[in-house]
Amino acid sequence: MSLASAEAETETVAAERSHLHSSPARAERLLARFHQVRNFTDALCAGLEPEDCVVQSMPDVSPTKWHLAHTTWFFETFILKKFVPGYRSEIPEYAYLFNSYYNAAGDMHRRDLRGLISRPTVREAQRYRASIDSHIDTLLSNADENLLDEIEPILVLGRHHEQQHQELLITDIKHVFAQNPLYPVFRAGRARHSVRAEERTATPTRRGPYRFVDFEGATVAIGHEGRGFAYDNEGPRHQALIPAFSLASRPVTNGEYIAFIEGNGYRRPEFWLSLGWITVNEQRWQAPLYWIKHNGAWWHFTLSGFRPVDESEPVTHVSYFEADAYANWAGARLPTEFEWERAALDCPIDGNFVEDELFHPAPTAAASAVSAEKTAQNEDLHQMFGDIWEWTRSAYSPYPSYRAAPGALGEYNGKFMCNQYVLRGGSCATSRSHIRRTYRNFFQPEKRWQFTGIRLARDPA
Ligand SMILES: [Fe+2]
């Protein structure tokens with residue numbers, strides 16, 4: 001299937017339709033979106049062999065097989081077990097193997113040992129997916145309006161959960177393949193199906209210096225509102241006082257980051273947070289993850305193979321520590337998540353997403369040229385969405401009056417609001433139908449295996 005066919009009908013339109021149609025049409029619509037997302041996961045795995053799907057290359061990485069089964073467990077646990085009278089799991093032991101972190105749903109296997117689960121096999125995990133999908137088909141096809149009212153919010157959450165795991169599946173298999181001296185290719189070449197992506201890659205010329213776009217101080221409404229889907233951590237919507245700031249017109253490129261490396265950035269403690277400096281020395285970091293100096297030039301491993309670093313692409317696979325150190329070296333800082341959200345208000349949600357099948361950030365110059373054509377409201381900011389998740393300096397913490405919901409699904413976001421930083425905008429591994437201006441991603445400051453990058457900000461002169 002074409003990955004682009006997984007384009008979403010917006011949740012708002014879908015919600016409106018749900019009140020206009022009878023149950024069969026509503027169930028049909030819900031099932032169509034459900035299967036689109038499920039099929040997209042299968043499409044991502046199309047080029048993988050069973051041997052690829054069982055490797056866990058570090059504790060943060062989950063094997064592809066585990067992602068396939070865990071996303072399925074989510075639908076079985078929170079929908080089938082709840083709404084199908086007398087439902088019995090075909091293999092009850094899967095509940096232990098494929099629960100991730102939901103304590104209220106029962107005990108779970110150790111995250112760092114997922115690579116040791118040689119059984120079920122990949123084929124059995126795929127059979128598990130098909131079986132649960134079939135049960136979901138039957139349940140929804142026979143549900144009345146009241147039952148659909150109860151199921152729909154969890155089904156939609158399950159879809160978005162699966163889209164999150166699609167991104168993890170991509171970044172995890174990249175880490176797995178990067179450990180292999182043969183450097184396996186996940187997808188050969190660059191975009192083949194997307195006109196938009198071809199436009200972006202057609203002119204990989206270097207872009208001139210970024211500039212700073214000024215924003216006046218204001219009190220701004222932050223967070224999600226409306227009927228469309230959002231995670232609970234995007235609310236409650238509230239007023240935030242945002243002093244005047246300036247935001248860089250585009251992300252930091254590889255070429256600019258090389259200047260930091262060659263300016264001894266990794267050896268000068270004055271740019272680094274204390275924890276970052278400890279990490280740099282313990283881990284012996286000298287460059288972003290996947291970068292290697294080869295015959296005097298920087299190369300890096302990508303999902304299309306090992307290749308020279310393109311200086312016009314946004315730098316990626318950098319930790320919060322590196323992003324912060326780079327910003328200090330450049331005489332700037334990282335934006336807060338509130339500054340980022342305010343700046344994104346006028347930006348169209350368009351960019352290089354997973355549907356473009358690049359599986360890599362697009363060169364800044366070409367992406368800007370395409371995006372500027374479409375950006376009538378804001379021609380000054382480029383690549384705010386897609387390509388790379390942008391580190392912010394905001395700690396991942398609850399918005400005012402936030403309370404996690406009771407029960408297992410209340411464990412989805414709230415319990416992680418400690419020792420992590422917020423990232424915004426989505427990446428080349430994110431689905432276009434998954435991202436929002438209010439979307440808050442979060443990772444610990446030393447993590448580098450996601451497509452994470454840098455956009456600078458600064459205070460008024
Ligand atoms: Fe999960």
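Residues numbered from 1 in each chain as written. Predicted model: local features only at pLDDT ≥ 70, side-chain atom pairs only at ≥ 80, totals over all residues. Heavy atoms only, no water.

How should the coordination of the iron ion be read in this particular structure?
Ideal geometry at a metal centre gives angles of 109.5 degrees when four donors are arranged tetrahedrally and 90 or 180 degrees when six donors are arranged octahedrally. Within the protein, His-70 (NE2), His-161 (NE2) and His-165 (NE2) serve as the donor atoms for the iron ion, at 2.2 Å. Each donor residue of the iron ion lies on one chain, and together they are spaced H-x90-H-x3-H. With His-161 and His-165 both in helix α6 (residues 145-178) and four residues apart, the pair spans about one turn of that helix. Side by side, His-161 and His-165 carry an identical accessibility label, which is buried. (Donors = N, O, S within 2.8 Å, 3.2 Å for Na, K, Ca; no water. Helix = DSSP H or I, 4+ residues; strand = E, 2+ residues; numbered from the N terminus. Buried < 20%, exposed > 50% of the residue type's maximum accessible area, 1.4 Å probe, protein only.)

For this particular structure, what's the right way to read the sheet that holds strand β11 (residues 421-424)?
Sheet strands line up and pair through hydrogen bonds in the backbone, either parallel or antiparallel. Strand order across the open sheet formed by four strands is β12-β11-β10-β13, with mixed pairing between neighbours. Strands at the two margins of the open sheet, each flanked by one partner only, are β12 (441-443) and β13 (452-453). As paired strands, strand β10 (residues 389-395) and β11 are joined by three bridges and run antiparallel to one another. When the sheet's bridge partners are listed, Trp-391 is paired in β11 with Leu-423. (Pairing = 2+ DSSP bridges.)

How should I be thinking about unusual backbone geometry in this particular structure?
What you tend to see is this: most non-glycine residues have negative phi, and most peptide bonds are trans. Looking along the chain, the bond that leaves Arg-119 and enters Pro-120 is cis, with omega of 0°. Looking at the secondary structure, you find Pro-120 in the loop between α4 (94-98) and α5 (122-141). At the junction of Gly-235 and Pro-236, the peptide bond is cis and its omega measures out at -5° in the coordinates. The phi torsion at Asp-387 lies on the positive side, around 65°, for a residue other than glycine. Note that Asp-387 resides in the loop between β9 (385-386) and β10. Taking relative accessible area as the criterion, Asp-387 reaches 1% and is therefore assigned buried.

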